[in-house]
Amino acid sequence: MPQRQSIGVVFWTLGLVLASGCGSSNGSKSGSGGASAPGGASGSGGATGTGGTTSTGGAPVFTAVTPCNAATDYATVADNTINFGMMGADFVYMPKCLKVTAGATVTFKGFGIETFSNHPLAPSDKIGTVAGNPITETAEPSNTKTFTFPTAGAYAFFCEFHGSDLGDAMAGVIWVQ
Ligand SMILES: [Cu+2]
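Residues numbered from 1 in each chain as written. Predicted model: local features only at pLDDT ≥ 70, side-chain atom pairs only at ≥ 80, totals over all residues. Heavy atoms only, no water.

**Details of the overall build of the protein**
Link 1 in the chain: Looking only at helices and strands, the protein features 2 helices and 8 strands.
Link 2 in the chain: Of the regular secondary structure in the protein, the N- to C-terminal order runs α-α-β-β-β-β-β-β-β-β.
Link 3 in the chain: When burial is assessed residue by residue, the protein has 32% of its 177 residues classed as buried.
Link 4 in the chain: Within the protein, contacts between residues at least 6 apart in sequence are counted, and of these 62% link residues at least 24 apart.
Link 5 in the chain: Counting every atom, the protein has about 10,000 Å² of accessible surface; 59% of that belongs to carbon and sulfur. (Helix = DSSP H or I, 4+ residues; strand = E, 2+ residues; numbered from the N terminus. Buried < 20%, exposed > 50% of the residue type's maximum accessible area, 1.4 Å probe, protein only. Contact = heavy atoms within 4.5 Å. Areas by Shrake-Rupley, 256 points an atom, 1.4 Å probe, with all protein chains shown as cover.)

In structure tokens, the structure reads:
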């Protein structure tokens, strides 16, 4: 079977080469030969998905995720840092609703002596974009952790001591556009 497949790929590639190498009149002829080769490049389970995040205008659709239920709740900050344990605001993330562009890194930073031991960080598996949330459970005695967000979505997080996976109290959302 692997041999048949690789032969198919060779024919397909050959068809592609011929198609691109020839003029437009006989290029289509070569191309059709390639497309019918066994074990070709066609696959199932393509990239289309349900419940997409793009609107007709192409801009990301806003999705309300507790506690960030309005698009205007989201802040942008120059260093993409979410602080926690700030004096006078010990049990909140600042900002709790952060907007970044796809590919950005976001740093969670404890103020002063506050660490992830005091405020264990976790991704929500109940609200927002659950699949592929780059945030991983972090409970170590350090106060800085950085995550990269390659894909658009609304990624919810919370403090396991002072928040909940439903977005209550010490919790927030990173909206990646
Ligand atoms: Cu906490």
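**What to know about the coordination of the copper ion**
Link 1 in the chain: The protein atoms donating to the copper ion are His-119 (ND1), Cys-159 (SG), His-162 (ND1) and Met-170 (SD), with metal-donor distances spanning 2.0 to 2.5 Å.
Link 2 in the chain: Considering all 4 donor atoms around the copper ion, angles at the metal cover 97 to 131° and the coordination shape is tetrahedral.
Link 3 in the chain: His-119 sits in the buried class, given a relative accessible area of 3%. (Donors = N, O, S within 2.8 Å, 3.2 Å for Na, K, Ca; no water. Tetrahedral: all angles 85-135°; square planar, octahedral: opposite > 155°, others 65-115°.)

**Brief notes about the environment of Asp-168**
Link 1 in the chain: Tracing the sequence through the fold places Asp-168 in the loop between strand E7 (153-163) and strand E8 (169-176).
Link 2 in the chain: On the accessibility criterion, Asp-168 (43% relative accessible area) is partly exposed.
Link 3 in the chain: Along the chain, Asp-168 and Thr-66 lie 102 residues apart, while their C-alpha atoms are 7.4 Å from each other.
Link 4 in the chain: Looking at Asp-168, its side chain comes within polar contact range of the side chain of Ser-164, at 2.8 Å. (Polar contact = N/O pair within 3.5 Å; in protein donor to acceptor, adjacent residues only side chain to side chain.)

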